[in-house]
Amino acid sequence: MTKRERTYHLLFLALLAAIFGYGLVTALGFFPGGRFFPVTATAIGLACCGALALHLFWGAEAGAALDASTKPAEFSYAALFFLAFGFYIAVVYATGFFPATALALLVFLRGYARVGLVASACVTGATLGGTYLFGILLNISWPRGVLSSLV
Amino acid sequence: MLDAAVQAFFIVLQPGHLVYLMVGVGVGLAVGVLPGLGGIVGMALLLPLTFTMDATAGLAMLIGVAAVITTSDTFVSVLMGVPGSAGSQATVVDGYAMAQKGEGARALSAAFLASMFGGIIGALALCLSLPIARELVLSFASPELLMMSVMGLCMIGVLSGNAPLKGILAASLGLFLGTWGASNITAEYRYSFDMDYLFDGVPLVVLSLGLYAIPEFLDVLSRGGSIARKGLSVGSGWGEGARDVRRHWPLVARHSLVGVGVGIVPGLGASIVDWLNYGLLVRTARDKSKFGSGDVRGVIAPESANNAKEGGALIPTLLFGVPGSAGMALLLSAMVVQGIQPGPRMLTDNLELIFALVWSLAIGNVVGTAICFVLSRPISRLALVPFNLLFPIVFTLIIVGAYQSTRHIGDLMALIACGVLGWLMKRFGFPRAPLLIGFILSALVERNLWITLNRYGWDWLSRPGVLVIGVFTILFLGFGVRAALRREKAA
């Protein structure tokens, strides 16, 4: 494991420790009956974070899950992906599900995948059409967006 | 018991039920052919649909997915040398070598039939375990069930990789996340951050899609191109493969039983079942000279085992309420939403449902195998479709699946948060299955703990059943940690 990889690992552990720590402190304020279980779960989590951090400090390998990434996406790629995802949700909130999804699919197909205009329009239309029919079948009301209520 | 089995058979054969089972089989076949997506993604996508369906039909649909993934994933393993799912990694070794020699159809035929027989043997094992397990299971009270859950979580944590601490940390995180929302012990909201969206806690579908679908989706997208490289042609030898299975039937039976055993132990699951069986095969075979260069036995053994595992995994899920894998955890949660409480009472209150699942598993395996034989050429081409063109469909399915949870914009925000957590866990080698299983078991463990402490005080720890399960738990933890330390020293 490289030094950089070890630092990233420790940062992730610090994030998990912060989550468990917050959970533990908050749980101490719950009613007695509902306190014991979250306190136990977060305390075990914190202890594991501490043990893993010590393990890494000593220079030992942290081990990996059987389903861990073999060829993971780069951090910058993943950050961009989640930012784009966040932007998509903001557009869903503003304009509603169908306009936002149509925009997202067209931007991806034309801008990222370099698919032709006609093919992009066909794939987007077919996907949204299928989703619309699916929504009717299951009686789903899609998010309409705050802008639609202003019109 | 026989009456229940016969009644369940007729329920399963009803057209409405069969249609949903076939939908599950279809989704399972498609997801199995697309490497990287995996069965949990398929089950998570279908999970919200089951909430409004008839319980038997909804659960049969999920069983349909689980039954055939390890059958259809053989296409890419044999023809392209890429494991279609975690359970078909060992099939690549001899299956791909056979395809390179022009014996792709022989390998596929042997794999499909071995998978089918493995699946049926798994269903039979589940069926036969019921009368044996009945007496034991019905003697369990809340302290024993609590200890079973603790043992299951420890085993899943320790066995899902070579990092026991990471596994236990993930299980703790799952138990913690499961406490969010309205408490079922006291009249208060825990960790709701004054957001009405979190009053019912984090929705399971959002968590499972975020943990599994988003990270796989992101990693496949970053690699670009089609999911699999250009593969080899199917070739010939369909009849020869069937004859191979007939010739090696003791192998099919032996490895199916090993697969059932692996399925019963929580935490072992798909990632280990194929390699364990391949290793056993190589160690016990008289003629070892052809392994690795295209020996059909190297296809038959892991394929029998990985389908039989599902029957084994259903035993702790249905009888003890302890899911052995993330897929079984989703099945368990679908049952809970339908008002069915998995555990000992299943044997008295829902015996027909258990048999309906057994029949669905067997029928799903037979139908899945038949579809693989008939549609082998078009199915094998599916993996060659560029992922960029599959993106709109998969993306929309994930969004729709997540939004189905509570139909609140918060579902999409929670999806991103769970996606980031899932990707980071995958990136840093933290097992995700213990988190999902801990999340699902959280309410059950807390309730059993509450009942146990109020009914027995701390005396529950001295009950014989609790002591026996406790000793097993400590032994498993000890062996798991020791094995991890040995691996670390060897590395």
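Procedures and definitions
Residues numbered from 1 in each chain as written. Chains lettered and ligands numbered in written order. Predicted model: local features only at pLDDT ≥ 70, side-chain atom pairs only at ≥ 80, totals over all residues. Helix = DSSP H or I, 4+ residues; strand = E, 2+ residues; numbered from the N terminus. Buried ≥ 20, exposed ≤ 12 C-beta atoms within 10 Å, placed from the backbone. Contact = placed C-beta atoms within 7 Å. Domains from an automatic or database assignment. Nonpolar A, V, L, I, M, F, W, Y, C, P; charged D, E, K, R; others polar. Expected span 1.5 Å × (residues − 1). Core = buried A, V, L, I, M, F, W, Y, C linked by C-beta atoms within 7 Å.

Our focus in this paragraph is the overall build of chain A. What chain A contains, in helices and strands, is six helices and zero strands. Listing the helices and strands of chain A from first to last along the sequence gives α-α-α-α-α-α. Taken over the C-alpha atoms alone, chain A extends approximately 60 × 45 × 30 Å along its principal axes. Out of the 151 residues in chain A, the part that is buried amounts to 26%. Of the contacts made within chain A by residues no fewer than 6 positions apart, 52% connect residues no fewer than 24 positions apart.

Domain assignment breaks chain A into domain 1 (3–57) and domain 2 (76–150). Computed from C-alpha coordinates alone, the two centres of domain 1 of chain A and domain 2 of chain A are separated by 37 Å.

This part takes up the interface of chain A and chain B. The partner chain B presents 55 residues to the 55 residues of chain A that form the contact. Elements with a contribution of two residues or more to the side of chain A that touches chain B: helix 1 (3–27), helix 2 (32–57), helix 3 (75–95), helix 4 (97–112) and helix 5 (117–138) of chain A. Tallied by class, residues from the side of chain A that touches chain B come to 37 nonpolar, 15 polar and three charged.

As a further point, take helix 2 of chain A. The end-to-end C-alpha distance of helix 2 of chain A, which contains 26 residues, comes to 37 Å, matching closely the 38 Å that a straight helix rising 1.5 Å per residue would cover. Every buried residue of helix 2 of chain A is listed here: Gly34, Phe37, Pro38, Ala41, Thr42, Gly45, Cys48, Cys49 and Leu52 of chain A. Against helix 1 of chain A together with helix 9 (164–177), strand 2 (189–190) and helix 21 (433–456) of chain B lie the buried residues of helix 2 of chain A. Two residues or fewer after helix 2 of chain A comes Gly59 of chain A, characterised by a positive phi angle close to 90 degrees.

Okay, the environment of Phe176 of chain B next. Mapped onto the fold, Phe176 of chain B is located in helix 9. Through-space distance from the C-alpha of Phe176 of chain B to that of Trp238 of chain B is 51 Å; in sequence the pair is 62 residues apart.

In this structure, Ala44, Leu62, Leu209, Leu330 and Leu436 of chain B are the most contacted members of the largest nonpolar core, which totals 194 residues. At 17 residues, helix 7 (residues 104–138) of chain B tops the list of elements feeding residues into this core. Lining this core are residues from two domains, each supplying at least three of them: domain 1 (3–57) and domain 2 (76–150) of chain A.

Further remarks concern unusual backbone geometry. In most cases, non-glycine residues show a negative phi, while peptide bonds are predominantly trans. Positive phi values are uncommon outside glycine, yet Arg114 of chain A reaches one of about 55 degrees. Here Arg114 of chain A lies in the loop between helix 4 and helix 5. The class of Arg114 of chain A is exposed, set by 9 C-beta atoms lying within 10 Å. In this structure, Phe193 of chain B is a non-glycine residue whose phi angle is positive, near 55 degrees.

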